[in-house]
Amino acid sequence: MKKVALISLGCAKNLVDSEVMLGFLQQSGYTFVTDTQKADVVIVNTCGFIQPAKDEANETLANAVKTKKKGKIKKLIAVGCYVERNPYELQKAFPDVDVWMGITDFDKIVSAVEGIPYKSSSRCYLYDHRSPRFVSTPSAWAYVKISEGCSHNCSFCAIPLIKGPYRSRSIASIKTECLSLVSRGVKEINLISQDSTYYGRDAGLSNGLAELLKELIGIERLKWVRILYGYPGEISDPLLEIMQEEKICSYLDIPFQHADTKIIKAMKRGLDGHRALNLIEKIRKKLPDISLRTSLIVGFPGEGRREFAHLKSFVASAQFDHLGVFIYSPEEGTDCFSLGDPIHDSVKQERLEEIFQIQAEISLKNNSKYLGKTVDVLVEGHLNDQTNILLSRGRFQAPEVDGVVLINLDKSTPDCVNSIQKVEITDRDVYDLIGKIIQ
Ligand code: SF4
């Protein structure tokens, strides 16, 4: 039973937990396959954040059970946020799953696979620099999770219910991990958590993220550091100050979620559209070439035409570089669950598409500013085996969620995978840019 296939669903934080589980398994001599049909053991790391994520987990588990019933899989293990949140419903729905594990015992995955009893931990597992980790992202970059849990109480969000209050890793542990990743060739570190801008607060640090960044930019061969998952009310002056450092990508991911004052109040998120635009103006004054990403929710209870109009005009005014939109999903146990789900799905879908339409024009205009310009890109690898195209990203593009810079290879192009190259941008579309390497 030595071949394992792990399916990691959900966010980048879940992916890091999956990589740590793979690290422990690798240490115990397990090998990995991507095809569940060829695996002895299948592990599904679930996401239980919102309904669409739960639907995806249900579908993945149902498929794995089918494969198991064909006698292909010897052991099926389900772990993660969805299991933590709905253990009994899932056990009833999927009796063929052999082992259930929430979010507290990822370091005991080998015992789970081998059926060895273990003492479960009482709180959400948070790895550190000593944890083995099988990094699954392209070798040019890696995620580093700097904390777990969240101490905000956004009324729509189930994460604090699943993961508990905010817990930071130590600066020393994060730095040691980054040194190890860089020694293995990583050029870009993407800092992730539920709220990276809150980092260190639970340990009494008022500007923990700025202090952490000061340590990380001292790592010689580390080229880029990127901050993902900010919080509107936590963008501090010391953070904007240190972000002027060369190594820190001029990039911020700040989910504003909405803009209408009444909706923001009901969401318990703090900054309405007017104050959010002031913050964006302040950030752009301090960091003129900043690339801003945000996430928004449409269809929240109480979002009538007027409230939605406020959201649309916010998107038009803010001119984000990258934007994601989610449809409101009522989550049991959250503060706003009692508000029900009064807005019809078709209306929510229409609103999502309307926001994307507004943003598509903005993204195309923003991408046009790179035409004829030379930018630094991190070359991740070949787009695929069939084409002669390299996939890369600029400092203004986060992995997996933003567009990319595609580079047409020609005979003179040096082998430059996993390196930073200067590229002249020759074309663009709504999401991606196209360029050629400057020799
Ligand atoms: S900041 Fe709000 S939305 Fe984000 S994880 Fe915390 S509670 Fe959820």
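Everything numeric in this text was worked out from a predicted model, so none of it was measured.

Procedures and definitions
- Residues numbered from 1 in each chain as written.
- Predicted model: local features only at pLDDT ≥ 70, side-chain atom pairs only at ≥ 80, totals over all residues.
- Heavy atoms only, no water.
- Helix = DSSP H or I, 4+ residues; strand = E, 2+ residues; numbered from the N terminus.
- Expected span 1.5 Å × (residues − 1).
- Buried < 20%, exposed > 50% of the residue type's maximum accessible area, 1.4 Å probe, protein only.
- Arc of directions from axis to C-beta.
- Contact = heavy atoms within 4.5 Å.
- Polar contact = N/O pair within 3.5 Å; in protein donor to acceptor, adjacent residues only side chain to side chain.
- Disulfide = S-S within 2.5 Å.
- Salt bridge = Lys/Arg side-chain N within 4 Å of Asp/Glu carboxyl O.

A.B. asks: Outline helix H11 (residues 273-286), supporting the account with residue identities and numerical values.
C.D. replies: Its 14 residues place the ends of H11 20 Å apart at the C-alpha level, agreeing with the 20 Å of an ideal helix rising 1.5 Å per residue. Within the span of H11, buried status applies to Gly273, Ala276, Leu279, Ile280 and Ile283. Seen along its axis, H11 keeps its buried residues to an arc of 120 degrees; they face one direction. Opposite the buried face of H11, by more than 90 degrees, sit the exposed residues His274 and Lys285. Close packing links the buried residues of H11 with helix H9 (237-242), strand S11 (248-253), strand S12 (291-298) and helix H12 (305-318).

A.B. asks: An account of the environment of Ser236 is needed here, citing residue identities and associated values.
C.D. replies: Mapping Ser236 onto the fold places it in the loop between strand S10 (224-227) and H9. Separated by 29 residues in the primary sequence, Ser236 and Asn207 place their C-alpha atoms 7.7 Å from one another. Within the local environment of Ser236, its side chain forms a polar contact with the backbone nitrogen of Leu239, the two atoms lying 3.1 Å apart.

A.B. asks: So what's going on with the state of the cysteines? Which residues, and what values?
C.D. replies: Tallying each qualifying case throughout the model produces zero disulfides. Free cysteine: Cys11, not disulfide-bonded; nearest cysteine sulfur from Cys47 at 6.2 Å.

A.B. asks: How would you summarise the pattern of salt bridges if you had to cite specific residues and measurements?
C.D. replies: Counted according to the given criterion, the structure contains 35 salt bridges. Glu307 is the salt-bridge partner of Lys262, the closest N and O atoms lying 3.1 Å from each other. Within this pair, whereas Lys262 is found in helix H10 (residues 261-267), its partner Glu307 is found in helix H12, the two being separated by 45 residues in sequence. The partner of Lys422 in a salt bridge is Asp376, with the nearest N and O atoms 2.5 Å apart. In this pair, Lys422 is assigned in strand S17 (residues 420-428) and Asp376 in strand S14 (residues 374-382), connecting sequence segments 46 residues apart. Connected via shared salt-bridge partners are Asp17, Lys145, Glu148 and Lys163.

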